[in-house]
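Fold and geometry: a report
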Amino acid sequence: LKMGTLAMYNVLGMAARLKVPILQASTSEIYGDPAVHPQSEAYLGNVNPIGPRACYDEGKRVAEALCIAYESYNSVQIRIARIFNTYGPYMDPDDGRVVSNFIVQSLRNESLTVYGDGSQTRSFCYVTDLVDGLIRLMNSNYSRPVNLGNPDEYNMLKFAELVQEKTGTSSDIIFKELPEDDPKQRCPDISLAKNILEWEPKVSLNEGLENTIEWYRSIV
């Protein structure tokens, strides 16, 4: 929460003084546990301000508000990318993200941990596609939030089974209680990115997973 408020306030103040543009790496968590599917930039979100995820969600929401305020009152050039789940080589094996968790668990022949019944969905964007989108956004003249993510949607159980298949693991799947406020669906509407940036993901999940798994094999 401090990063989204105090730190962002300091960064934007420096940007105003030094006249440098700012790219805010925002997040799909802006939308909370969405009641609208897929999520477009016009959707205002369904965030619990006092839940266990609140500091991250609300911090990112405040950061966006600060960016818009500094653009309006201090003429800071801003770009805001609402980033959905992104993956690829060089991810920290212990960062707790679902892609790294499933791959590392599989390669170590540990049980893959699925929360709830595995019906909740996520959309996975390969890192090179995201970087391309960020560069296009930064080079554009568009200063309002833009979703950057892959609209191909997978539920967690099917995704776990796909990782099992790709790694050839003997690991099983175990189920644990779904964390509070965990989003049930997460899928970007990327119509705006297509129109404004002429951008959409090119790397399929199959290709991206194979690249990512190959890298993890070298370190796990």
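Structure: above.
Described below are features of the structure shown in this document. (Residues numbered from 1 in each chain as written. Predicted model: local features only at pLDDT ≥ 70, side-chain atom pairs only at ≥ 80, totals over all residues. Heavy atoms only, no water.)

A word on the layout of surface pockets. Considering only enclosed or pocket space, the largest pocket measures out at about 950 Å³ in volume. As for the largest pocket, its lining consists of 36 residues, of which Glu29, Asn85, Gly96, Arg97 and Val98 are closest to the centre. At the level of elements, β1 (22-27), α2 (54-74), β3 (86-87), α3 (98-107), β4 (112-115) and α4 (127-138) are the ones that each hand at least two residues to the lining of the largest pocket. It is α3 that provides the largest number of residues to the lining of the largest pocket, a total of four residues. Residue composition of the lining of the largest pocket, by class: 17 nonpolar, ten polar and nine charged. Each pocket or cavity is described by its volume, and for the second largest pocket that value is around 200 Å³. Every residue lining the second largest pocket is counted, 13 residues in all, and those nearest its centre are Met3, Gly4, Gln24, Lys60 and Ala63. Of all the secondary-structure elements, those providing two or more residues to the lining of the second largest pocket are α1 (3-18), β1 and α2. (1 Å grid on protein atoms, 1.4 Å probe; cavity = no way out; pocket = protein on both sides within 12 Å on 5 of 7 lines; lining within 4 Å. Points joined across faces, edges and corners; volume = space filled by probe spheres on them. Helix = DSSP H or I, 4+ residues; strand = E, 2+ residues; numbered from the N terminus. Nonpolar A, V, L, I, M, F, W, Y, C, P; charged D, E, K, R; others polar.)

All right, on to the packing of aromatic side chains then. Tallying each qualifying case throughout the model produces nine aromatic pairs. Ring plane angle 50° and centroid distance 5.1 Å describe the contact between Tyr90 and Trp215, whose orientation is recorded as tilted. Here Trp215 lies in helix α7 (residues 205-217) and Tyr90 lies in the loop between β3 and α3, a separation of 125 residues in the sequence. Assessed through its relative accessible area of 18%, Trp215 is described here as buried. (Phe/Tyr/Trp six-rings, centres within 6.5 Å; stacked < 30°, edge-to-face > 60°. Buried < 20%, exposed > 50% of the residue type's maximum accessible area, 1.4 Å probe, protein only.)

The omega torsion across His37 and Pro38 is -10°, close enough to zero to call that bond cis. With respect to the helices and strands, Pro38 occurs in the loop between β1 and α2.

Read from one edge of the open sheet, three strands run β1-β2-β7, paired in parallel fashion. The open sheet has two edge strands, β1 and β7 (146-148), and neither has a second partner. Pairs of neighbouring strands in the sheet enclose a mean axial angle of 30°, with direction left out of account. (Pairing = 2+ DSSP bridges. Axes fitted to C-alpha atoms, helices over the stretch in contact; angles between N-to-C directions.)

What follows covers α4. For α4, with twelve residues, the first-to-last C-alpha span of 16 Å sits near the 16 Å given by 1.5 Å per residue. What α4 keeps buried is the set Asp129, Leu130, Gly133, Leu134 and Leu137. All buried residues of α4 lie within an arc of 135° about the axis, which places them on one face of the element. Buried residues belonging to α4 abut β1, β2 (78-83), β3, β6 (125-126), β7 and α6 (191-197). (Expected span 1.5 Å × (residues − 1). Arc of directions from axis to C-beta. Contact = heavy atoms within 4.5 Å.)

For the coordinates displayed, the defined rule picks out twelve salt bridges. Asp33 serves as the salt-bridge partner of Lys184, at 3.3 Å between the closest nitrogen and oxygen. In this pair, Lys184 sits in the loop between β9 (173-176) and α6 while Asp33 sits in the loop between β1 and α2, placing the two residues 151 residues apart along the sequence. Note on Lys184: relative accessible area 42%, which makes it partly exposed. A salt bridge links Arg82 to Glu64; the nearest nitrogen and oxygen atoms lie 2.7 Å apart. One end of the pair, Arg82, is in strand β2; the other, Glu64, is in helix α2, and 18 residues separate them in sequence. (Salt bridge = Lys/Arg side-chain N within 4 Å of Asp/Glu carboxyl O.)

Below, the discussion takes up the packing of α3 against helix α5 (residues 156-167). Direction vectors running N to C along α3 and α5 enclose 40°, while the axes themselves pass 10 Å from each other. Between α3 and α5, the angle falls in the class oblique. As for how α3 packs across α5, the hand of that crossing is right-handed. Facing α3, whose interface residues are Val98, Val99, Phe102, Ile103, Ser106 and Leu107, α5 presents Met156, Phe159, Ala160, Val163 and Thr167. Looking at the contact of α3 with α5 residue by residue, the class counts come to nine nonpolar, two polar and no charged. (Parallel < 35°, antiparallel > 145°, perpendicular 65-115°, else oblique. Left-handed = near helix turned anticlockwise from the far one by under 90°.)

Another aspect to go through is the state of the cysteines. Tallied over the entire structure, the rule returns zero disulfides. With no disulfide partner, Cys55 has as its closest neighbouring cysteine sulfur the one in Cys67, 19 Å distant. Counting only cysteine sulfurs, Cys125 is the nearest neighbor of Cys187, a cysteine outside any disulfide, at a range of 12 Å. (Disulfide = S-S within 2.5 Å.)

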